[in-house]
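# Analysis of the macromolecular model
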Amino acid sequence: MQPVLVDAYAAQAATGIKPGTIRQWLRRGKLTHHGYDQAGRALVDLNELQNEPLVKAA
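In short, a report on the structure. (Residues numbered from 1 in each chain as written. Predicted model: local features only at pLDDT ≥ 70, side-chain atom pairs only at ≥ 80, totals over all residues. Heavy atoms only, no water.)

## Looking at the overall build of the protein
- Looking only at helices and strands, one finds three helices and two strands in the protein.
- Tracing the protein from N to C terminus, the helices and strands come up as β-α-α-β-α.
- Looking at the protein as a whole, 31% of its 58 residues are labelled buried.
- Accessible surface, the protein as shown: approximately 4,100 Å² in total, 50% of it carbon and sulfur. (Helix = DSSP H or I, 4+ residues; strand = E, 2+ residues; numbered from the N terminus. Buried < 20%, exposed > 50% of the residue type's maximum accessible area, 1.4 Å probe, protein only. Areas by Shrake-Rupley, 256 points an atom, 1.4 Å probe, with all protein chains shown as cover.)

So, in structure tokens, the structure goes:
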């Protein structure tokens, strides 16, 4: 499957996960970092965000 690379704000629009949470997951290594866009924003794979159970169950 081809990666769908988006910044944290576009990822929030698609998944509802806050951009700050996505940035924390990138720092902690829970998400794969795919470089930066032209504005310097980190890129993540939208498929990885939607398919991985990253949030702990309460």
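Further notes follow.
## A few points about the side chain of Asn47
- Position of Asn47 relative to the elements: it lies in helix α3 (residues 46-51).
- Note on Asn47: relative accessible area 15%, which makes it buried.

## Quick notes on the packing of helix α1 (residues 8-15) against helix α2 (residues 19-28)
- At a minimum axis separation of 8 Å, α1 and α2 run at an interaxial angle of 115°. In this structure, α1 meets α2 at a crossing whose hand is right-handed. From α1, Ala8, Tyr9, Ala11 and Gln12 reach across to α2, where they touch Pro19, Ile22 and Arg23.
- The residue inventory of the contact of α1 with α2, partitioned by class, reads five nonpolar, one polar and one charged. (Axes fitted to C-alpha atoms, helices over the stretch in contact; angles between N-to-C directions. Left-handed = near helix turned anticlockwise from the far one by under 90°. Contact = heavy atoms within 4.5 Å. Nonpolar A, V, L, I, M, F, W, Y, C, P; charged D, E, K, R; others polar.)

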